[in-house]
Amino acid sequence: MLTQARLAIRLNRFALFVVGAIVIVASLAALIVAAALRAAATPECLASRWDSSATVACQAQLTNFDQIDGTWAGLKGVLGGIAPIGGLLVGVSLVAREIEERTAAIAWSLAPSRTRWLVGRVAPVAVILLVLFAIAAIAATDVEGAANPSVNPLLSFYNESSRGLELVALGFMVFCAAVLVGSVMGRVLPALLVAAVLGLALTVGAFVAESNWIQTQAVMVDARDGSNADGSLVLDQLLRLPSGELVPTWSVQWDEDANGNFIGPLAGATLENKVVPGSRHPFVEAVDAAGITAVSAVLLVLTGIVVRRRRPT
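Now for a look at the structure at hand. Once a new chain begins, its residue numbering starts again from 1 and follows that chain's sequence as written. Given that the model is predicted, a residue must reach a pLDDT of at least 70 before its local features are reported, and side-chain atom pairs must reach 80 or more before they are shown or counted; all residues, however, enter totals for whole chains, interfaces and linings. With hydrogens and water set aside, each side-chain value is computed from the structure's full complement of heavy atoms.

1. Describing the sheet that holds strand β3 (residues 246–248)
We call two strands paired when DSSP finds no fewer than two bridges between them. What counts as a helix is a DSSP run of H or I of at least four residues, what counts as a strand is a run of E of at least two, and both are numbered from the N terminus. Taken in spatial order, the 4 strands line up as β1-β6-β2-β3 in an open sheet, and their pairing is antiparallel. Two strands close off the open sheet at either side, each with one partner strand: β1 (219–222) and β3. On average, each strand axis in the sheet is inclined to that of its neighbour by 45°, with strand direction left out of account. Alignment of strand β2 (residues 233–240) against β3, held across 3 bridges, turns out to be antiparallel. Following the sheet pairing, Leu238 is matched in β3 by Pro248. Note on method: axes are straight lines fitted to C-alpha atoms, helices fitted across the in-contact stretch only, with angles between N-to-C directions ranging 0 to 180 degrees.

The structure is reproduced here in structure tokens:
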């Protein structure tokens, strides 16, 4: 098994090196940006940014903080995209290249079984990718915490798909999809194009499934309690009538007094947010990652079936 692992890594060393270099460079950049953000403004200064108590020196710190955050805001998206793209580039050639170069027949004839051969090819590369994706996820979480220091990034839904377990799971799912497509098509370039489409479809499907399921985790809170700034995920804003009925804000007209209280026919009504509290983030993240990993497992099983039944060419 160790010999197979070394061979799998050697055959895919270029793709692994490229993906690894991108992950390391981007992660180091994220850590540097996070350190710069923490040094740009004090916690006390950041806490006063939305009121009139900020001093001239504090306002200068806030300006510097915002400039750094604005300049490097796209880094979060880069880190979020590394895992799926890396999984695609590495996974698509894992089996397809051996079939295309006609070395699969020899390898399959020498291996105790095609399943063991596939495990020996996929497992070592998958472990390396998972480590790289975890590094990117940790770096993305750190820069998110620096950009929003008043909110614990582990209890926050801000940029959740670009960091944490979900980033790792999405990258692994695209990797598994790429291995499957490569096994079916047996040619690297066509498989790369098809795997990119399949990976995108699976990623979109994961987001759609998550957005539907997460509705079950929502609660209603007063819109004035600051729930939109504590890491909670705001799904909707609704109007609760005096009768207790919840209606969309656009479906009625209302007037407010100077204190923001409803007057007229809607006197006694309240404006409420439908939110998933930030404290629920670890559970939601774990469920999302588990669902995506289950899809990855199905893709790997299908790959095993394809490899076992495929005729060498």
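2. Some words on the state of the cysteines
For the purposes of this analysis, a disulfide is any pair of cysteine sulfur atoms at a distance within 2.5 Å. Across all of its chains, the model carries 1 disulfide by this definition. For Cys45, the disulfide goes to Cys58, at an S-S distance of 1.8 Å. In this structure, the disulfide formed by Cys45 and Cys58 twists by about 115° around the S-S bond and is classed as right-handed. Here Cys45, found in helix α3 (residues 43–47), pairs with Cys58, found in helix α4 (residues 56–71); they are 13 residues apart in sequence, far enough to count as distant. Per-residue accessibility, obtained with a 1.4 Å probe over protein chains only, is compared with the maximum for each type, and a residue is labelled buried under 20%, exposed over 50%, and partly exposed between these values. In this structure Cys58 comes out as buried when scored by relative accessible area, which is 7%.

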